[in-house]
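Per-entry structural report
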Amino acid sequence: MRILLVGIVGMLLLVACDTNRVYEDYQAIDPEGWHKDSLAQFQVEMEPGSDAYNLYINIRNQGDYPNSNIWLFLEVEQPDGKLLTDTVEYILAEKSGKWRGSGIGDLFDSQFIYRKNVQFEQAGAYEFRIRQGMRAQKLKGIHDVGLRIEKYNE
């Protein structure tokens, strides 16, 4: 019981000490596979100002994920309705087959920079939408997709 309590307190301290984080959330992916039309959506309230931010995409994949990379289609809808679209590729495994992310058991957690030194020019809700861009109708082996926004530090 005491070990469990120490572990919980340790986790809370780690989360509380993350002073650069402005936003971080994950969307679970259907265990049957990430359908090509399914979206991971994140809505973030931002205030304009002189602060700059780094945007990250977080991927949790299982050890049986069949690819070494992942292509993603991203959309960012600004408060005024303007839509920004992008396509990105992230490498999840080395050529040797070793997963790049940190792992616990058969689950690997990777964080990839999406944009550095971003300034939000409008106040309000920004909606981030992420879709898998692989050829598979249902992409198996992706457990969660996340978005992280943190304060930019040079």
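Since the structure is predicted, the reported quantities are computational estimates derived from the model, not experimental observations.

This paragraph deals with the layout of surface pockets. Of the voids in this model, the largest pocket is the one considered here, and its volume is about 290 Å³. For the lining of the largest pocket, the secondary-structure elements that each account for two or more residues are β6 (83-91), β8 (107-118) and β9 (124-132). Of the residues assigned to the lining of the largest pocket, the class counts are eight nonpolar, four polar and three charged.

Here G103 is to be found in strand β7 (residues 102-104). Among the residues examined, G103 registers a relative accessible area of 48% and is labelled partly exposed.

Sheet topology places strand β5 (residues 69-77) next to β6; nine bridges connect them, and they run antiparallel. Looking across to β6, one finds that F73 is bridged to T87. With antiparallel pairing between neighbouring strands as the criterion, β5 and β6 make up a hairpin whose turn holds five residues, including G81 at a positive phi of roughly 95°. Here six bridges tie β5 to β9, and the two strands are oriented antiparallel to one another. The residue bridging V76 from the neighbouring strand is F128, located in β9.

Read from one edge to the other, the open sheet built from four strands follows the order β3-β9-β5-β6, with strand pairing classed as antiparallel. Looking at strand neighbours, the two that pair on one side only are β3 (40-46) and β6, the edges of this open sheet. Ignoring which end each strand starts from, the neighbouring axes of this sheet average 20° apart.

So, how was this worked out
Residues numbered from 1 in each chain as written. Predicted model: local features only at pLDDT ≥ 70, side-chain atom pairs only at ≥ 80, totals over all residues. Heavy atoms only, no water. 1 Å grid on protein atoms, 1.4 Å probe; cavity = no way out; pocket = protein on both sides within 12 Å on 5 of 7 lines; lining within 4 Å. Points joined across faces, edges and corners; volume = space filled by probe spheres on them. Helix = DSSP H or I, 4+ residues; strand = E, 2+ residues; numbered from the N terminus. Nonpolar A, V, L, I, M, F, W, Y, C, P; charged D, E, K, R; others polar. Buried < 20%, exposed > 50% of the residue type's maximum accessible area, 1.4 Å probe, protein only. Pairing = 2+ DSSP bridges. Axes fitted to C-alpha atoms, helices over the stretch in contact; angles between N-to-C directions.

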